[in-house]
Amino acid sequence: MRHRHLSTLALALGIAVLLDVLRVWLPSVITLFGRAAETPAELLGAFALGWFLLALAAPALVRRIGARPVGLVAAGVVAAARLALTAQPGGPAQLWLACAGLLAGLVWLAATAASAPRPVAGLALGLAGNAVGHALLGTEDLVWRGGIAAWTLSALLVLAFLAASAAERTTAAGEPSPAGADEGVAAATGGRTRTPGRRAWLLCGPALVLAGQVALAPALWSAAAGTGSPDFPGLARPGGAAVPGALAVLLFLASALFRVPARPARVLWPAALLAGSVLFVTGHLVPAYLLTAAGLGGCLALTDAAAGDDRAAGTDDGGRAGARRGRAAALGMLVFAVATVAYYAAYDVGYPNWWAPVATAVLVAVVAAGAPRQADPALPAPVRVTVLAGLTALAGLGAALHVPPAQARPTTAPAAVRVAAYNLRMGFGLDGRLDLDALARELRGADIVLLSEVDRGWWLNGGHDTLGLLARRLEMPYVFAPAADPVWGDAVLSRFPARSGQTRRLTAHGAPTGAQALGVTLDLGGRELAVVATHLQPPPGRDPVEQAREVAAFAGRYAAGRPLVLGGDLNTEPADPAFAEFTRAGLVDALAPARPLRTSPADDPRTQIDHVFVSPGLTAGAVRAPRTEASDHLPVTLTVTLP
């Protein structure tokens, strides 16, 4: 294998390993260092950004010691951390393992940049390959699965990365690097030092943000597969993600690995990327990720430039050109951290966050549009075609394999239904692990499930479709409604057919996180039951009186005289004014027979903030809040007898 192709393979595998570590590190910062929102957002952000600031010293380390030894040691550390995370340690061990893996990955990236002036093909293959693997796994990473299969696949990935890195470094060491390479480049450019590959490495971090959050996010493909109808929002549609998901991978790889004439490309790709980012923040998910995929791949291709001979221009193993590329890579990853923290911190601090993905897209577009002339593709045409066809087919297969359960058929009207309400905390337990099996155990046996804090692809939480994963375990179809952004909100799962639905966005009243009320009409064998799921979000230190009043009024109108069940994390206690808004509206506290029923925090329940209300005529019994640490709340379960 030619040295250039070997370095492309090593970079692609390394990007895949680094993304796996990031999918653990990001939620670990929130759930373990953040301690369920107990840590101030400013301190949490400083902790997260600190690791990327520390990595800014990596280029100096590379220049002093050399790219080959630093790169190999860093590759070994990130590989070991990735493999150790497969043991699912949870708690502080998970947090610090992920931190060590992240820092090692950033150092490895800087060392690789020092000796790789043409990273675009490797970046594109790494991003697309990781997305395809994520899709084939149903968005549940190997590190959360455990078992022989997870260990085997993790070990194969890590060993392939280490073998490719070692072979690439050995091959590179045997190829001479002409003396005075940097000076030759400067002379060729009239005294100006133009470093090939610096723009591409600068875009590595922003590309990871846009790919993980929008373009190559299999959870987003799944979330976008709902009907989206105003009359029935968020109804899961089996099989709806397969073709668009495959098309996203196809567009990304085609635009990254193949060439469009330079003049139209400098307009087409940046315009597509900017349009996709705007569509994402406005909630138009399918065109958002398709346009972002095409635009991101095309912008990366625009930076795939070389000045003269690649080796003479840049493969100086940590010299001045390599140091510039290393600094560009480190700065790009700092942009990754800032964009990620800025977008999600808005839900704690309270400011508009739409600008974060749009600004990231603008940065990519500007850097790409101003790049020098593109070089010919680094990979030969047969390899590009084979990779394009193979990864596209696997992406479609992954999306098709993990479809939501189909709608249930009407059955004979039951005398009673089992109801559960649960704040999932995006699926992460108090130990910081994503454990969908533990959540499913608490909900199994319920006929109707009301869920709060449902995540359908937040990059901050690792990009998982928590709702789809849980629904498949419970074999229950679902209806989803966004609250904070298009892929975070509330849901209703039911063993009965859902006939219609409606959602109402709640007024924020100064709260940083958005809230909504989701109404779903269920067919109970010829009888209809109205169900409303919500998660009230009061400003810090306040009772959510106004939102409670809005939800109670919405529920009354939506039920229109039909039997009603309303529940969720209401962030109010029985003696508070917000709680009284529901009883004032004529609803009955279904948990009254078991009061006090404390549900939060899960490891030491002190507050009663998760509730279920029913309309008069419905009778509640068998009320429980089983002890579990699969979330930071306890689930509430009860039996509702129909009149």
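Please refer to the structure higher up on the page.
The structure contained in this document is the topic of the report that follows.

Here is what the cut-offs are and how they apply
- Residues numbered from 1 in each chain as written.
- Predicted model: local features only at pLDDT ≥ 70, side-chain atom pairs only at ≥ 80, totals over all residues.
- Heavy atoms only, no water.
- Salt bridge = Lys/Arg side-chain N within 4 Å of Asp/Glu carboxyl O.
- Helix = DSSP H or I, 4+ residues; strand = E, 2+ residues; numbered from the N terminus.
- Buried < 20%, exposed > 50% of the residue type's maximum accessible area, 1.4 Å probe, protein only.
- Contact = heavy atoms within 4.5 Å.
- Axes fitted to C-alpha atoms, helices over the stretch in contact; angles between N-to-C directions.
- Parallel < 35°, antiparallel > 145°, perpendicular 65-115°, else oblique.
- Left-handed = near helix turned anticlockwise from the far one by under 90°.
- Core = buried A, V, L, I, M, F, W, Y, C linked by side-chain atoms within 4.5 Å.

What to know about the pattern of salt bridges
Then, in step 1: Evaluated as defined, the whole model comprises 18 salt bridges.
Then, in step 2: The partner of arginine 118 in a salt bridge is aspartate 304, and the shortest N-O contact between them spans 2.9 Å. Taken together, the residues arginine 118 in the loop between α5 (91-115) and α6 (120-136) and aspartate 304 in the loop between α15 (285-302) and α16 (310-314) connect sequence positions 186 residues apart. Taken as a pair, arginine 118 and aspartate 304 share a single burial class, namely buried.
Then, in step 3: A salt bridge links arginine 473 to aspartate 437; its shortest N-O distance comes to 2.7 Å. Remark: aspartate 437 occurs in helix α20 (residues 436-443) and arginine 473 occurs in helix α21 (residues 466-474); sequence separation between them is 36 residues.
Then, in step 4: Residue classification places aspartate 437 among the partly exposed positions, given a relative accessible area of 40%.

So, the environment of proline 206
Then, in step 1: Relative to the elements of secondary structure, proline 206 occurs in helix α11 (residues 204-215).
Then, in step 2: Between the C-alpha atom of proline 206 and that of alanine 272, which follows or precedes it by 66 residues, the distance is 16 Å.
Then, in step 3: Ignoring any residue separated from it by four or fewer positions in sequence, one finds proline 206 in contact with Gly332, Val335, Thr360, Leu363 and Val364.

Section: the packing of helix α22 (residues 545-559) against helix α23 (residues 577-584)
Then, in step 1: Contact geometry for α22 and α23: axes closest at 8 Å, N-to-C directions at 15°. When the axis of α22 is compared with that of α23, the two are roughly parallel. When the axes of α22 and α23 are compared, the crossing they make is right-handed. Residues Val545, Ala548, Arg549, Val551 and Ala552 of α22 pack against Pro577, Ala578, Glu581 and Phe582 of α23.

Brief notes about the nonpolar core
Then, in step 1: Counting 152 residues, the largest nonpolar core has Trp25, Phe52, Phe252, Leu253, Leu451 and Leu493 as its most contacted members.
Then, in step 2: Per-element accounting of this core gives the leading share, 15 residues, to helix α1 (residues 3-33).
Then, in step 3: Not counting residues within four places of it along the chain, the set of residues in contact with tryptophan 25 comprises Ala48, Trp51, Phe52, Ala98, Cys99 and Leu102.
Then, in step 4: With 33 residues, the next largest nonpolar core counts Leu522, Leu529, Ala602 and Leu618 among its residues.

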